[in-house]
Amino acid sequence: MVRQLTKKDAYSAFEYALKAPETKRQWPRRLDVFLTFLQLEGQDVKERTNNLYDLIKTEGIDWLESHIIDFIYFQKQRVLNKEITETTINNYIKPLKTFCDMNNIMLNWKYLRKGVPKGRKSALDRIPEFSEIKKLLQASDIRLKPIISVMLSSGIRVGAWDELK
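Residues numbered from 1 in each chain as written. Predicted model: local features only at pLDDT ≥ 70, side-chain atom pairs only at ≥ 80, totals over all residues. Heavy atoms only, no water.

**Considerations on the overall build of the protein**
- A tally of regular secondary structure across the protein gives eight helices and zero strands.
- Its C-alpha atoms give the protein a radius of gyration of 22 Å, clearly above 15 Å, the size a compact globule of 165 residues would have.
- Across its three principal axes, the protein shows a C-alpha extent of roughly 70 × 50 × 30 Å.
- Each of the 165 residues in the protein was classed as buried or not, and the buried ones make up 30%.
- Residue pairs at least 24 apart in sequence account for 55% of intrachain contacts in the protein once pairs closer than 6 positions are excluded. (Helix = DSSP H or I, 4+ residues; strand = E, 2+ residues; numbered from the N terminus. Rg over C-alpha atoms; globule rule 2.2 N^0.38 Å. Buried < 20%, exposed > 50% of the residue type's maximum accessible area, 1.4 Å probe, protein only. Contact = heavy atoms within 4.5 Å.)

**Examining the nonpolar core**
- Counting 32 residues, the largest nonpolar core has Leu52, Leu64, Ile68 and Phe99 as the members making the most contacts within it.
- For this core, the secondary-structure elements that each account for two or more residues are helix 1 (10-17), helix 2 (21-37), helix 3 (45-59), helix 4 (61-80), helix 5 (86-102) and helix 6 (109-113).
- Contact partners of phenylalanine 99, with chain neighbours within four places excluded, come to Ala10, Phe14, Leu31, Thr49, Leu52, Tyr53, Ile56 and Ile105. (Core = buried A, V, L, I, M, F, W, Y, C linked by side-chain atoms within 4.5 Å.)

**Quick notes on the packing of aromatic side chains**
- All chains considered together, the criterion is met by five aromatic pairs.
- Centroid distance phenylalanine 34 to phenylalanine 71: 5.1 Å. Interplanar angle 85°. Geometry classified as edge-to-face. In this pair, phenylalanine 34 sits in helix 2 while phenylalanine 71 sits in helix 4, placing the two residues 37 residues apart along the sequence.
- For phenylalanine 34, a relative accessible area of 0% gives the class buried.
- Taken together, a centroid distance of 5.5 Å and an interplanar angle of 35° make the contact between phenylalanine 37 and phenylalanine 74 tilted. With a gap of 37 residues between them, phenylalanine 37 in helix 2 and phenylalanine 74 in helix 4 connect regions that are remote in the sequence.
- Counting every residue linked through ring pairs, the aromatic cluster contains Phe34, Phe37, Phe71, Phe74 and Tyr92. (Phe/Tyr/Trp six-rings, centres within 6.5 Å; stacked < 30°, edge-to-face > 60°.)

**So, the packing of helix 2 against helix 5**
- For the pair helix 2 and helix 5, the least separation of the axes is 8 Å and the interaxial angle reads 95°. Accordingly, the angle class assigned to the pair helix 2 and helix 5 is roughly perpendicular. Of the residues in helix 5, those touching helix 2 at Trp27, Arg30, Leu31, Val33 and Phe34 are Asn91, Tyr92, Lys94, Pro95, Leu96, Thr98 and Phe99.
- Split by residue class, the contact of helix 2 with helix 5 holds eight nonpolar, two polar and two charged. (Axes fitted to C-alpha atoms, helices over the stretch in contact; angles between N-to-C directions. Parallel < 35°, antiparallel > 145°, perpendicular 65-115°, else oblique. Nonpolar A, V, L, I, M, F, W, Y, C, P; charged D, E, K, R; others polar.)

**Looking at helix 1**
- Within the sequence span of helix 1, burial applies to Ala10, Tyr11, Ala13 and Phe14. When helix 1 is viewed along its axis, its buried side chains cluster within an angular range of 160° and face the same direction.
- Those residues of helix 1 hidden inside the fold are in contact with helix 2, helix 3 and helix 5.
- For helix 1, the N-terminal capping position is held by aspartate 9, with its side-chain oxygen 3.3 Å away from the main-chain nitrogen of tyrosine 11. (Arc of directions from axis to C-beta. Polar contact = N/O pair within 3.5 Å; in protein donor to acceptor, adjacent residues only side chain to side chain.)

The following block contains the structure:
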């Protein structure tokens, strides 16, 4: 017997596209931010997402595009208020785009993304000065000196130690 895959609802289609565990954890919450912005009714994200799908089918693509533009404008105001950074806006748009792609809702994303500000692609890190390195090594005990030396010479950050073998 061959089992056929069927799309049960709009949220299941969205969930089907999520592969990485961290994406599965974060994207439904980020999609829910858009659903909250639209003030959609429902008990959970799944029900609210399915309500959004039904609403798009009745109201049309233009309705959705105008609300996405309003949402981007709202997020840009949050950037101006220094609540979030410019690059965070994309984190709210990616789940929405995946939802639309997985449910065959064709939007002009090139047009929609024109209003999204470009963020910094790198952090404001800098190379420590020699005097700062000297202070670090003087203040540390014998166990930390090799760790500090490896980090300075290789450029790794604190979080990279967990990945080293």
